[in-house]
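Observations on the model geometry
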Amino acid sequence: MPEGKLCNRKPINTEEYLQQVLSDTGGKQYYKEMEELDVDVEKLQASLKATLKSRLKTWLDMCAHCGLCADACFLYEVNDRDPKQVPAYKIQSTLGEIVKKNGNVTNEFLRHCMDVAWSQCTCCNRCGHYCPHGIDMGVMFGYLRGLLYSQGFVPWELKIGSGMHRVYRAQMNVTTEDWVETCDWMAEESEEEWPGLTIPIDVEDADIMYTLNAREAKHYPEDIAEAAILFHLTGENWTVPSEGWEQTSLSMFAGDWEACTMQVKTVYDAIERLRPKRVVGTECGHAHRASAIEGPYWVGRPDGLPPRPYIHYVEWVAEVLRTGRLKIDPAKKLKKPVTLQDSCNYVRNHGLADITREIMSYIVEPEYFHEMSPNREHNYCCGGGGGFNGVGKYRPQRNVALIKKRDQILATGAELVIAPCHNCWDAIRDLEEEFEIGIKWSFLKPLLIEMAIVPDHLKPAEDAE
Amino acid sequence: MYEILTGPGLWLAFAIAVIGLVVRTVFYIQGLNWKLDRVAYTAFPAAGAKGAIRSILAFLVPFGNHSWRAKPGFTVMFFTFHIGLLAVPLFLEGHAVILMERFGIAWPSMSMGAADFWTVAMLVAALGIAMRRLLLPEVRIVTDAKDWFVLIISVAPFLSGYMVVHQIGDYNFWLLAHIVSGLAWIALLPFTKLFHVVGFFWSRAQLGMDYGIKRGGMKYKSFDW
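Presented here is an overview of the structure given in this document. Source: prediction; values computed, not measured. (Residues numbered from 1 in each chain as written. Chains lettered and ligands numbered in written order. Predicted model: local features only at pLDDT ≥ 70, side-chain atom pairs only at ≥ 80, totals over all residues. Heavy atoms only, no water.)

Take the sheet that holds strand β2 (residues 238-239) of chain A next. All names here are of chain A. Taken in spatial order, the four strands make up an open sheet running β2-β1-β3-β4, and their pairing is parallel. The strands lining the two open edges of the sheet, one partner per strand, are β2 and β4 (310-311). Here strand β1 (residues 208-211) pairs with strand β3 (residues 278-281) via four bridges, running parallel. Considered in β3, the bridge of M209 is made with V279. Docked against the sheet, helix α16 (residues 257-274) engages β1, β2, β3 and β4, running at close to 160 degrees with respect to β1. (Pairing = 2+ DSSP bridges. Helix = DSSP H or I, 4+ residues; strand = E, 2+ residues; numbered from the N terminus. Contact = heavy atoms within 4.5 Å. Axes fitted to C-alpha atoms, helices over the stretch in contact; angles between N-to-C directions.)

In structure tokens:
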């Protein structure tokens, strides 16, 4: 069978096709079809020719096979130091082979590559720091994912995820109407407790345009309400766009670069349309990576910068705490052991380690803040990054991957893990479910609202003193 | 024979090495692509240069980064091997003599004692590196014939040179072996993993620019290698 009905080289561009793939529970038929999927060698060769340039070639070629990357990889460590989990081995035995054979590879081999690319690497980029030659295997695995996606060898959930972006310009089926309604609903819900609170939609020339993760709109609308409360509390002149509000990119995890571009373009179009002074994104790591770090390159901006300054939520939080626009009630500062999860996507890959620690200094009593080890740029992946959390086929491997974070958290003695990243938050929730170590986990927003000093004029009439 | 090898032979080996390394460097730089690599290489020259230099220095200085500090044993072997490998042939009295005789260049040299010390240290380090390749599963799995070839071709001029200097065994045989393996090492620089003599700098600079420009270097602190 050259191409299957569900599993093929065609991206999901229609709602109908999306529904078909979605209704194949667990991807049973999809993976069955994948076993028969032909490799389009010519297409693969053309891709290699067009995109495998000197950086990647040199990385593959110059690797000294010294093995220093082994200990850098948490997946190597949690899998009993299995030599097959050494980053250099993982990339040389997959992408390296494809290149060596100039694309003349079999279906079976590409399915193996898929397993390695999505269950043995979370693209956390940590190995790149330990390689004397500066070989970033996370970047190479991202590239490999792109090749595999274009050949149809992509986990079922990520084919759907990138299809969602293509069809809905969101990682979940949230339409513009759904989104606007959710905002109105959340504004109404919050109004009683927070008189005057609004969620302004499509306001031009605001100070801040807020963008978020579609699953907040779909499953955690209270997160939107919390963002609104904090903007309200700090007196921000803010808005959300009716279109271009979704900043995540499951297509980045899938290696579907075309969908990445489509998605981030809607956000940048909203920026051009509404002309905010700057954009603040939600507490999500990969969304920040996609919209503020990689996005400019996908849409072809030669300066590599988004159309307006695009900051992560933690940067905004640090700023309002620093300037005193958000005041924390000293009595409510956290007085239990707390640790902080550094998200790879904006700490290792965007240098925000000091910013999150500055926030901790305002909300946690100093003696109660315990760092993980290692931390900051050298922290380990939560265990579920790069799409790992979302792929059912690799759930057993993902659960093993959580062990590293579990042990890091246990070593801090923390009762609460602050995780300003959706992926990390999920992974930490799942590791508590899996291993029951008795921890709580949280985004910043609910903690801040709990601890904030509310000025009298913002309180409901009966509460005002 | 000796004259041909150390005269035109030396020139030829150097010419191949220099031209080859320059050509590969040009291709490397030409092949960098801001859009595919997703690094705005030329948009921010100052941030790029700072990132590149920091990234190179972090790995050029012993224990200058987290990776070296995590593996002190390997780091000592690594630097001993590389210092010996570069310093002994560059500053050996016997080589300075050739430079003076053939080309009239006055070249500084190290004492024979220092040369002996670094030669032996380098050979011991090489043995350690070889043992590592054989014994550690995480290194063994990635090791292939090319890695052994590079190690052997790098060690050969030192072993043979040591035999020559200390007149162990057949002097003429070891001298010939020394010159041939030394010239081969030079001529093979552009065509093998030895390319890293310059490639190390380009590749480290590239990742340094990536971090310096795109991955946080312009926003907050420089990356803590």
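So much for the structure itself; the text now carries on.
With that settled, consider the nonpolar core. Counting residues in hydrophobic clusters, the biggest one holds 185 residues, and the most contacted among them are W316, I363 and I418 of chain A. Excluding residues within four positions of it along the chain, I363 of chain A makes contact with L321, I328, K333, L334, I418, L444, L448 and M451 of chain A. Core analysis: the next-biggest nonpolar cluster, separate from the first, contains 34 residues, M62 of chain A together with A13, L85 and L183 of chain B among them. (Core = buried A, V, L, I, M, F, W, Y, C linked by side-chain atoms within 4.5 Å. Buried < 20%, exposed > 50% of the residue type's maximum accessible area, 1.4 Å probe, protein only.)

As a further point, take the side chain of S162 of chain A. Note that S162 of chain A resides in helix α11 (residues 156-168). Excluding its chain neighbours within four sequence positions, the residues that come into contact with S162 of chain A are Y149, S251, A254, D256 and A259 of chain A.

This next bit is on a negative patch on the surface. On the surface, E177, D178, E181, D184, E188, E189, E191 and E243 of chain A cluster together into a patch of negative charge. Note on placement: E189 of chain A falls in helix α12 (residues 176-191). (Patch = residues over 30% accessible without salt bridge, like charges linked within 9 Å, V, L, I, M, F, W, Y side chains within 5 Å. Areas by Shrake-Rupley, 256 points an atom, 1.4 Å probe, with all protein chains shown as cover. Salt bridge = Lys/Arg side-chain N within 4 Å of Asp/Glu carboxyl O. Lys, Arg positive; Asp, Glu negative; His and termini not counted. Charge placed at Lys NZ, Arg CZ, Asp CG, Glu CD.)

Turning to helix α10 (residues 171-188) of chain B, a few remarks are in order. Residues and elements named next belong to chain B. End to end, α10 covers 25 Å across 18 residues, agreeing with the expected 26 Å (1.5 Å per residue, within 8%). Every buried residue of α10 is listed here: L175, H178, I179, S181, G182, L183, W185, I186 and A187. For α10, the secondary structure elements touched by its buried residues are α1 (2-31), α5 (72-91), α6 (93-103) and α9 (145-165). Its side-chain oxygen placed 3.1 Å from the backbone nitrogen of N172, D170 serves as the N-cap of α10. (Expected span 1.5 Å × (residues − 1). Polar contact = N/O pair within 3.5 Å; in protein donor to acceptor, adjacent residues only side chain to side chain.)

Let us now look at the environment of L60 of chain B. Residues and elements named next belong to chain B. Here L60 is to be found in helix α3 (residues 45-60). According to the relative accessible area criterion, L60 is partly exposed, its value standing at 41%. Along the sequence, L60 and Q30 sit 30 residues apart, while their C-alpha atoms lie 25 Å from each other.

We now examine the packing of aromatic side chains. Counted according to the given criterion, the structure contains 25 aromatic pairs over all chains. Each ring, one from F74 of chain B and one from F78 of chain B, has its centre 6.0 Å from the other, and the planes form 50 degrees; the classification is tilted. Of this pair, F74 of chain B and F78 of chain B both sit in helix α5, separated by four residues, roughly a single helical turn. Of the two residues, F74 of chain B and F78 of chain B, both sit in the buried class. An aromatic cluster of three or more residues is present, and its members are F59, W68, F74, F78, F79, Y211, F223 and W225 of chain B. When the ring centre of Y313 of chain A is taken as reference, the NZ or CZ atom of K445 of chain A above it lies at 4.6 Å. Note that R132 of chain B overlies the ring of F74 of chain B, its terminal NZ or CZ placed 4.1 Å from the centroid. (Phe/Tyr/Trp six-rings, centres within 6.5 Å; stacked < 30°, edge-to-face > 60°. Lys NZ or Arg CZ within 6 Å of the ring centre and 35° of its normal.)

Residues and elements named next belong to chain A. Residue alternation in β1 divides its side chains into two sets, I208 and Y210 and M209 and T211, and both sets are buried. Where β1 meets β2, two bridges bridge the pair, whose relative direction is parallel. Looking across to β2, one finds that I208 is bridged to W238.

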